[in-house]
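What follows is each chain in one-letter form.
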Amino acid sequence: MTELLLSESEKTFILHGVQQNFRGDGRTRSEIRPIVMETDIVSHTNGSCHLRLANTDILVGVKTELETPLPAHPDRGRIEFFVDCSANASPAFEGRGGDNLAADISRVLARSYASPEILNLKELCILPGKTCWILYVDILVLEVGGNLYDAVSMAVKAALFSTKVPVVTVSTVDGGEPELDLSDDPHKATRISVQNAPVLVSLSRIGNYCVVDSTPEEENCSSASLLFSVTPKGMLTAVKKIGGGSFQQTSIQAAAKQAVSIGVEVNDKLLQKLQQEEEMGRKREKIGFLL
Amino acid sequence: TPGDVITRDAGFMRGHGTYMGTDDVLYASVAGVVDRVNKLISVLPLKTRYNGEIGDVVVGRIVEVQQKRWRVDTNSRLDSVLALASVNLPGGELRRRGAEDELSMRKYLNEGDLISAEVQNIYHDGSLSLHTRSLKYGKLGQGCLLKVSPSLVKRRKTHFHQLPCGASIILGNNGFIWISPTQGGGEMDTSEGGGGGFTQNLEVVPESERETIARLRNVVLCLAENCTMLWDTSIMYAWEASTKYSIPELLNMDAMRDVAHLTQQRLQMDME
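Residues numbered from 1 in each chain as written. Chains lettered and ligands numbered in written order. Predicted model: local features only at pLDDT ≥ 70, side-chain atom pairs only at ≥ 80, totals over all residues. Heavy atoms only, no water.

Before going further, it helps to spend a moment on the overall build of chain A. Tallying secondary structure elements over chain A gives five helices and 14 strands in all. Relative to the 2.2 N^0.38 estimate, which gives 19 Å for 291 residues, the radius of gyration of chain A is 21 Å and therefore close to what a compact globule would have. Seen through its C-alpha atoms, chain A measures out along the principal axes to roughly 80 × 40 × 40 Å. Counting every position in chain A, which comprises 291 residues, the buried fraction comes to 49%. Put simply, 71% of the contacts in chain A that link residues at least 6 apart link residues at least 24 apart. As displayed, chain A has an accessible area near 14,000 Å², and 51% of this comes from carbon and sulfur atoms. (Helix = DSSP H or I, 4+ residues; strand = E, 2+ residues; numbered from the N terminus. Rg over C-alpha atoms; globule rule 2.2 N^0.38 Å. Buried < 20%, exposed > 50% of the residue type's maximum accessible area, 1.4 Å probe, protein only. Contact = heavy atoms within 4.5 Å. Areas by Shrake-Rupley, 256 points an atom, 1.4 Å probe, with all protein chains shown as cover.)

In structure tokens, the structure reads:
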């Protein structure tokens, strides 16, 4: 993805490090770099999250809108993803360069959230066939520092966790259309259950081993990556291969096992932290962008 | 910080990074350190591209191979130039550079390779001319490259250090720091072919040396994040302060701040 140049010896160094399970910064193949995250910082959205994973910076905003449901699923709401790779993130994203990657990411997210067990979309329905909530999830990639997919998925999950959907009361008017009453009270809002929301885990193949959370230098050394979408229960909802290298069947299975164990752990910790943040209540100091 | 008052004394000349307010007061226009040379006051910004001086040691990456020279990226405003005549070719010092040498430039230095070199000259447009005409400069082998701000690297007598913890470090003035395992036999053999043939060591680096390199890397990043100057003493102090953390723990913000803080304290005690 990046146009980073590396010398032969640097690549050899990284390759041998991966083989010895000791990467350039001391991590093992299955360790992730520290993550800093804050939710509920963008004021005009219903939910938001700003996540920073080493040099990767992602901002997600969730907005809820009332629209008509799809004729195929009249009793369900919808969730739509839109990704924008800002030109500030990387020189490769100048002009239309980032559009391909953005489309890729939104497609993967749409696929991983497509299973009906992930989010209870029926909760989002107000009047079957007439009105439902649509969650527009907007993702802004501010900086690229390796491991884009994972960071995006974590930020999306956190933003959805913090989303407050306004309470709607339906009052029927005599002989006419039912009227919807949107509660203006910011404290009366329903939350979306993200207990089953998946997190993407990308494994880059360097030599004969797969590493999680690769830096841009490691990404340059890898031939291909496998992207797994893992729910907290350990189920896989989407799988994607990125890059031009090839995988053997046994290595795909081994990678899947590795991804599931890492994904379950990440989901767990993420939810823990989100709940901790929630407990700090409304009075907590919002630090925002000046991290 | 921008907007800060530097001095109210009107007798100074304005240098880079300053401006005069309406009331004859000198303000800073960039975030950085105040530098005073007799009557000239300037502010050296913290985040800047590398401005070369003759005699500086730099670490650079080859980005292009041209007719009789290589173009090197040194984190400056313009790419630097390494002429074919400025490198040591295999076969001895005083060889005439013939046409075959030109055609086989790629064999010595290819795109993406890292070199350590010294600034020989500065062109009018500001780009640097490098040379590797000494056995200690040349192509770099296995190791780890770090990019920090050029303003954090102190100007010292030597920039090649063999640290007692068991690894070698090159502090390029341009902000590129190269950490590598110490080659067996004392002095680092980084010459491009002094003696014929390339000594590119592609053997597996043992785990103990890898640990040292990884720890050094994280330690240098700790210091860089907290805007501490980098030189061999500060890095060693930070190394000693970091031993209580495991290597991956040093990637945490709190651990970074702690290590940098302890180092700064120790350096201050030294100065007193």
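That covers the picture; the talk isn't over yet.
This part covers the environment of Val30(B). All names here are of chain B. Within the fold, Val30 resides in the loop between strand E4 (26-28) and strand E5 (32-37). Put simply, Val30 and Thr48 are 18 residues apart on the chain and 10 Å apart in space, counted from C-alpha to C-alpha. With residues near it in sequence (within four places) discarded, Val30 still touches Thr1, Pro2, Gly17, Val43 and Pro45.

In this section: the side chain of Ser48(A). Residues and elements named next belong to chain A. Mapped onto the secondary structure, Ser48 falls in strand E2 (residues 47-53). For Ser48, the side chain forms a polar contact with the main-chain nitrogen of Ile41, separated by 3.0 Å. Separated by 3.1 Å, the side chain of Ser48 and the backbone nitrogen of Val42 make a polar contact. With sequence-adjacent residues up to four places away left out, Ser48 is seen in contact with Glu38, Thr39, Asp40, Ile41, Val42, Val60, Gly61, Ala159 and Ser162. (Polar contact = N/O pair within 3.5 Å; in protein donor to acceptor, adjacent residues only side chain to side chain.)

At the interface, 30 residues of chain B touch 19 residues of chain A. Summed over both sides, the interface of chain B with chain A buries roughly 2,000 Å², with 61% coming from carbon and sulfur. The interface formed by chain B and chain A contains one salt bridge. For the salt bridge of Glu10(A) with Arg61(B), the shortest nitrogen-to-oxygen distance reads 3.0 Å. The interface formed by chain B and chain A contains five residue pairs in polar contact (both at pLDDT 80 or more). The dominant element in the side of chain B that touches chain A, judged by the number of residues it contributes, is helix H3 (residues 207-225) of chain B, at seven residues. (Buried area = accessible area lost by both parts, 1.4 Å probe. Salt bridge = Lys/Arg side-chain N within 4 Å of Asp/Glu carboxyl O.)

Here we take up empty space enclosed by the protein. Applying the stated criterion across every chain yields a total of three cavities of 30 Å³ or more. Empty space within the largest cavity amounts to approximately 40 Å³. Surrounding the largest cavity, Ile32(A), Leu53(A), Asn147(A), Asp150(A), Met154(A), Val199(A), Leu200(A), Val201(A), Val212(A), Ile262(A) and Val266(A) form its lining. Sorting the residues of the lining of the largest cavity by element identifies helix H3 (148-161), strand E11 (199-206) and helix H5 (249-279) of chain A as the ones contributing at least two each. For the lining of the largest cavity, the element with the highest residue contribution is E11(A), accounting for three residues. Of the residues belonging to the lining of the largest cavity, the class tally is nine nonpolar, one polar and one charged. Around the second largest cavity, the lining residues are Phe13(A), Phe22(A), Arg23(A), Gly24(A), Arg210(B), Ile213(B) and Ala214(B). Considering each element in turn, the lining of the second largest cavity owes the most residues, three residues, to H3(B). A breakdown of the residues in the lining of the second largest cavity according to their chemical character gives four nonpolar, one polar and two charged. (1 Å grid on protein atoms, 1.4 Å probe; cavity = no way out; pocket = protein on both sides within 12 Å on 5 of 7 lines; lining within 4 Å. Points joined across faces, edges and corners; volume = space filled by probe spheres on them. Nonpolar A, V, L, I, M, F, W, Y, C, P; charged D, E, K, R; others polar.)

The analysis is restricted to geometry; functional conclusions fall outside its scope.
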